[in-house]
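# Summary of structural features
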Amino acid sequence: MTVLIENIAGYEGQEVTLKGWLYNKTGKGKLLFLKVRDGSGLIQCVAFQADLSEEVFDIAKRIPQESSLIVTGVVRKDERAPGFPGGYEIGIKNLEIVQMAEDYPITPKEHGVEFLMDNRHLWVRSSRQWAILRIRATVIKAIRDWLDNHGYTLVDTPILSSNAGENSTDLFELDYFGTPAYLAQTGQLYNEANMMSFGKVYAFGPTFRAEKSKTRRHLIEFWMVEPEMAYFSLEDLMAMEEEFVSYIVQTVLETRKLELALIERDTTKLQNVKAPFPRIAYDDAVEMLKQLEAETTDAEQKQLLHMEWGTDFGSPHETAVAERFDRPVFVYHYPTAVKAFYMQPVAGRKEVCRSVDLLAPEGYGEITGGSERIYDHALLTERVKEIGINPENYRWYLDLRRYGSVPHAGFGLGVERTVAWICGLPHIRETIPYARMLHRLNP
RNA sequence: UCCUGAGUAGCUCAAUGGCAGAGCAAUCGGCUGUUAACCGAUGGGUUGAAGGUUCGAGUCCCUCCUCAGGAGCCA
């Protein structure tokens, strides 16, 4: 009977068959230990020469790392047995090689980043990468479950668009039968159209930024979920976001204990991630940073923390603000000048807008960015003109303000940054199966 | 794009301007409880590329390439 390693505890004393790959092997002469993985877990299979035919033992002795194999044997409980879930091993009765692997490049030793990224197609088999990508899958499922269960409709937005937006240098341009087209940076403008039909919608897909960013939290191609809600204020938005993000984190904590343990994530800081989240106005955050700058004695840190009202936060600022709290923190009412043209100005204070970013703890920075959108046709037209774009290019978008416009709000959450934070990873590149970075297009 | 650092065996790294080395991996042998096992043996090199200084360059100088870390920009 073919079984999955994750269910192995239910088969104690029974003969089972596993179909998988050889992860690693150690031996002691007449006794060999084969670590076998099958996609659901990892288990130790034991070959004892006296119990086996010469032929089968010889296979066990010679089979190289990452060969595909089918192993049959009896499940037994043993405290010494490694694996996940551990505590059980297979006493090998028969062993069949499906394909004998050539010399496998990734050995159970240390490797450099470049080598591992060059071998990403093989690196995804490593237990640490397996655990991270399983957590990623759970994060995505939690995102969709929460939204689907709270009245949101998934409405897909296009990846190819004719609209250059306000910052065409960050877009990937391609030839669309003779006219320029661009890879989507956001589905938000389409979300706003869809929201008028469904009330609460979300788009979920890959987005593309041709920024020459080279940091631990940037990818050229990354996944983003973008909810957009009719009749939502900034306060409604924050209340929704904190429930949403808490659900994602708590779901991973509950359902991915094994994976979190495998990557040795200290989950104590994640336990705190429950609504409500602290909220701080941009004005106050700037004051907080100025005070921190004044208090610090480290000249380098002083320079990094320096900022003037009206500028956007850099990553040192985000980290410094987030460090003051034990859970994600909302920073709201950013200067209008540093945010997108469609964000609603604060009544009586045009210089700031109804925007909010959510900063993750532990230095992971901005994981969501959102706002109330301008819903008045005249004001939005004026803002489009202000940024130097022909309103004709935004005709359909402006149209939305002519036919039953309503106050509304929405945000985008970066999947990879969220996974990096939940996993406690030093770099975002491990949170996506095949990272696209400034100088990385292969494999 | 800017700043800093690195590039030597399949991998991770050593080598004062003076014979190119180790551990792991591979191959062969030994070992009945291994957890990145251990012990013995064997094979393995255009020192990122081109140029220069020198009796002599992995090492010093110049240019370029690649990668990493940070900044800016952002999710």
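Residues numbered from 1 in each chain as written. Chains lettered and ligands numbered in written order. Predicted model: local features only at pLDDT ≥ 70, side-chain atom pairs only at ≥ 80, totals over all residues. Heavy atoms only, no water.

## Overview of the protein's contact with RNA strand B
Not every one of the 49 residues close to RNA strand B is listed here, only the nearest: F48, E89, H111, R216 and R417. Taking the atoms of RNA strand B that fall within 4 Å of the protein, sugar and phosphate contribute 47% of them. L219 places a main-chain nitrogen or oxygen 2.7 Å from a base nitrogen of RNA strand B. Those elements that provide at least two residues to the surface near RNA strand B are β1 (15-27), β2 (31-37), β3 (42-48), α2 (113-118), β12 (221-230), α11 (315-322) and β18 (365-373). When grouped by side-chain class, the residues that make up the surface near RNA strand B number 10 nonpolar, 17 polar and 22 charged. (Near = heavy atom within 4 Å. Polar contact = N/O pair within 3.5 Å; in protein donor to acceptor, adjacent residues only side chain to side chain. Helix = DSSP H or I, 4+ residues; strand = E, 2+ residues; numbered from the N terminus. Nonpolar A, V, L, I, M, F, W, Y, C, P; charged D, E, K, R; others polar.)

## Focus: the environment of R436
Structurally, the position occupied by R436 is in the segment after α14 (415-423). Spatially, the C-alpha atoms of R436 and Q344 are 33 Å apart, while their sequence positions differ by 92 residues. Non-local contacts of R436, meaning those with residues more than four positions away in its chain, are made with L219, I220, E221, L441, N442 and P443. Separated by 3.1 Å, the side chain of R436 and the backbone oxygen of L441 make a polar contact. (Contact = heavy atoms within 4.5 Å.)

## Considerations on the sheet that holds strand β19 (residues 408-414)
Across the sheet, 8 strands lie side by side as β7-β11-β12-β19-β18-β17-β14-β13; this open sheet has mixed pairing. Both outer strands of the open sheet, β7 (153-154) and β13 (279-281), are each paired with one neighbouring strand and no more. Looking at chain direction, β18 and β19 are connected through 6 bridges and run antiparallel. What sits directly across from T368, in β19, is L413. Packing against the sheet, helix α6 (residues 234-255) makes contact with β12, β13, β14 (329-332), β17 (355-360), β18 and β19, and its axis sits at approximately 30° to β19. Across the sheet, α14 lies against β11 (200-208), β12, β17, β18 and β19, angled at about 55° from β19, the strand it touches most. (Pairing = 2+ DSSP bridges. Axes fitted to C-alpha atoms, helices over the stretch in contact; angles between N-to-C directions.)

## Some details on the environment of I8
With respect to the helices, strands and loops of the structure, I8 is situated in the segment before β1. Overall, I8 belongs to the buried group, its relative accessible area being 0%. (Buried < 20%, exposed > 50% of the residue type's maximum accessible area, 1.4 Å probe, protein only.)

## Observations concerning the pairing of strand β6 (residues 88-99)
Every other side chain in a regular strand lies on the same face of the sheet, so the side chains alternate between the two faces. Pairing of β3 with β6, which is carried by 3 bridges, proceeds in the parallel orientation. Bridged to C45 within β6 is I90. The pairing of strand β4 (residues 68-77) with β6 spans 10 bridges and is classified as antiparallel. Opposite V74, over in β6, you have G91 as the bridge partner.

## Notes on the domain arrangement of chain A
One widely used convention gives an interface's size as the accessible area the parts lose upon coming together. Domain boundaries assigned for chain A yield domain 1 (5-99) and domain 2 (121-278 + 325-431). Summarising the inter-unit geometry, the C-alpha centres of domain 1 and domain 2 are found 45 Å apart. At the interface, 10 residues of domain 1 touch 7 residues of domain 2. Counting the surface lost from both domain 1 and domain 2, the interface buries some 660 Å², and carbon and sulfur atoms represent 58% of this. In this assembly, domain 1 and domain 2 are joined by 1 salt bridge. Where domain 1 meets domain 2, there are 3 residue pairs in polar contact (both at pLDDT 80 or more). In the side of domain 1 that touches domain 2, the residues fall into 4 nonpolar, 3 polar and 3 charged. (Domains from an automatic or database assignment. Buried area = accessible area lost by both parts, 1.4 Å probe. Salt bridge = Lys/Arg side-chain N within 4 Å of Asp/Glu carboxyl O.)

## Focus: the nonpolar core
I143, L147, M240, F244, W421 and I422 are the most contacted members of the largest nonpolar core, which has 48 residues in total. Counting residues per element, this core draws most heavily on α6, at 10 residues. Once you skip the residues sitting within four places of it in the chain, L147 turns out to touch Y152, Y202, V225, P227, M240 and F244. Within the second largest apolar cluster, 24 residues are counted, among which are L34, I43, L69 and V75. (Core = buried A, V, L, I, M, F, W, Y, C linked by side-chain atoms within 4.5 Å.)

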